[in-house]
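Overview (structure and organization)
The residues making up each chain are set out below.
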Amino acid sequence: MSQTTARFLPFLSLAAILLAASGCSPFRQLTPRMAFVPPSPAPPPVTLIAEPPAVQPAVYPPRPVLLLVSAEQPPPRSYEADTRIRSAEKRYQAGRLLYQNGDAEGARREFDRALDVLLSAPADLSDRRRVEERLRQLVESIYSLDVEGLGGGLSAQEPFLEASPLDEILSLTFPVDPQLKLRVREEVQATLSQLPLDVNDAVVGYVNYFSSQRGRRILISGLRRAGKYRDLIFRILDEEGVPRELIHLAQAESGFMPRAVSRKKATGMWQFMRFRGREYGLMQVTGTDDRMDPEKATRAAARHLRDLYEQFGDWYLAMAAYNCGPGRVTSAVERTGYADFWELRRRNVLPKETANYVPVILAMTIMAKNPQDYGLEEIDVEPPLEYSTVQVGASTHLSLIADIIERPLSEIRDLNPAILKSVVPAGYAVHVPKGAGNALQAMLNAIPASRRDSWRVHRVGAGETLVEIARRYKTTAKSISDVNGGATEDMEDGDLLMIPVAYQPLPAATAKKRGATQRKPPVRRTTSSTASTSSPGAGVPGAKAPQRGQAALHP
């Protein structure tokens, strides 16, 4: 935990306690409870949710400021509630800017004052519910900023390299309980599956392991994280004609971590090597790596698995080939004359990790399809991934996107694990929270293309003046007025203003503390011997002209 986080958490804990006392705890999150794998292999109907229609911003010539107006009429408001909310908003925005520029102490003071204004509201305030709701939102926003470190001035970072939790067990064997073997056989007989489910000592051994305390933690961790990608993966597997049960390959390969990278540089949720990834359309260029995009990588993995099945005519051999490469499996078949996974395993002609890879997947499948027998029916899975997509026409800073749609930068990064740097290259399709695409596209169109990798955006708060905003961003009111068409005298609460300043680098001390000055950030790499074989392909060698006042302001 960073020192900054440590400073914020006591106050946030106090705020959470006070909110809980009023019946609106800011950290309570309801997550769906669901069985990980449906009982029937029949694919559910896919409901396509169309992008909400574009809402035209309320722009009145000659002022180009974008104003987003709610279609609903607000309820009657009390003067005191309005005053407190405006004051808290001004403090929050001031703290947010300080935090972006690396002044954590100054940000903490402003955040404290913002929350104090709302916490001190009278208990009998007629509009207290609105004050409490804004307090809850501010606490969540402050917590998000503190946890992610905001990152507005950080230099480009490489993704964290995370190891698969199953690497440590693929080279091991586990004891078999005869009673468990009998029970598993009975379960499989009553289980519908698109993938054949064999039951033998190897499979039962892993069922036994995943039922142990340590193995259960590994299994539940993956199933919980898989909730985020489950619907997306099932949809693509259905479209490509691949058994849904092969979703467990992603757990075996990466634990459903999009940015997992092995010791041998196999990358992404489905652990593609560079050569194999490019073969299936996963491009790796400066700043982006499609192997880390969950949707693109899942599509490529499904097609690769389908091709392997067509080559070997058997799903077990296809899974083995996915793990150690089709050349190794072909060689083993040719040497023995057996195109049967279990016979190849018995003859020890496959790598030991590959020999256990298929039993691991079968064990996870059997347990996930019978959750009531293994205590898995009450897992709180992560909410499904939902997003809108916007193709940026010019190099665009991720923090500008976060500014425009007013969501934490960490959320934008989470939706775009394939983007490795702070600036999105021109032409790239960026994922944003569902429903935010229209607002983002409208505002980006208003910002000169040559400035989208550096400028900021600010939403005007209640009672804010242009001079206050300019002072906050260390620029001049005239500069802001110039780039917004000169019509900012009548700006209103809720307007979005373009701010012609670049993202400020962190102070040297702060940057050094966060590791931003290092050439490469610390990473965790896989150390298991499976890294060299547990991935597909293993073993196979128009800028817009600047407006008046822009050129002098751009660094």
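Now for a quick tour of the structure. (Residues numbered from 1 in each chain as written. Predicted model: local features only at pLDDT ≥ 70, side-chain atom pairs only at ≥ 80, totals over all residues. Heavy atoms only, no water.)

This part covers the pattern of salt bridges. The final tally for this structure, using the stated rule, is 31 salt bridges. Between Arg96 and Asp403 there is a salt bridge, and its shortest N-O distance comes to 3.3 Å. Residue Arg96 is located in helix H2 (residues 79–100), and its partner Asp403 is located in helix H17 (residues 398–405); the two are separated by 307 residues in the primary sequence. Of the two residues examined, Arg96 and Asp403, each falls in the buried class. The residue Arg459 makes a salt bridge to Glu406 at a minimum N-O spacing of 2.6 Å. On the criterion of sequence distance, the pair formed by Arg459 in strand E8 (residues 456–459) and Glu406 in the loop between H17 and helix H18 (409–415) is long-range, its members being 53 residues apart. Accessibility expressed as a relative area gives 43% for Glu406, which makes it partly exposed. One salt-bridge network, held together by shared partners, links Arg235, Glu239, Glu240, Glu295, Arg299, Arg303 and Arg306. (Salt bridge = Lys/Arg side-chain N within 4 Å of Asp/Glu carboxyl O. Helix = DSSP H or I, 4+ residues; strand = E, 2+ residues; numbered from the N terminus. Buried < 20%, exposed > 50% of the residue type's maximum accessible area, 1.4 Å probe, protein only.)

Structurally, the position occupied by Gly427 is in the loop between strand E6 (423–424) and strand E7 (429–433). Counting along the chain gives 37 residues from Gly427 to Val390, while the straight-line C-alpha distance between them is 9.5 Å.

Turning our eyes to something else, we now look at the nonpolar core. Membership of the largest hydrophobic core comes to 77 residues, with the highest contact counts inside it found for Phe210, Ile233, Leu249, Trp270, Tyr322 and Val329. Residues within four places of Leu249 in sequence aside, it is in contact with Trp270, Leu305, Met319, Tyr322, Tyr357 and Ile361. (Core = buried A, V, L, I, M, F, W, Y, C linked by side-chain atoms within 4.5 Å. Contact = heavy atoms within 4.5 Å.)

This part covers the packing of helix H6 (residues 201–210) against helix H15 (residues 352–369). Where H6 meets H15, the axes come as close as 8 Å, and the angle between the chain directions of the two elements is 60°. In terms of orientation, H6 and H15 fall into the oblique class. H6 and H15 meet at a crossing whose hand is right-handed. In contact with Ala202, Val203, Tyr206, Val207 and Phe210 of H6, H15 contributes Asn356, Pro359, Val360, Leu362, Ala363, Met364, Ile366 and Met367. Considered class by class, the residues forming the contact of H6 with H15 number twelve nonpolar, one polar and no charged. (Axes fitted to C-alpha atoms, helices over the stretch in contact; angles between N-to-C directions. Parallel < 35°, antiparallel > 145°, perpendicular 65-115°, else oblique. Left-handed = near helix turned anticlockwise from the far one by under 90°. Nonpolar A, V, L, I, M, F, W, Y, C, P; charged D, E, K, R; others polar.)

Keep in mind that these numbers describe shape and distance, not what the molecule does.
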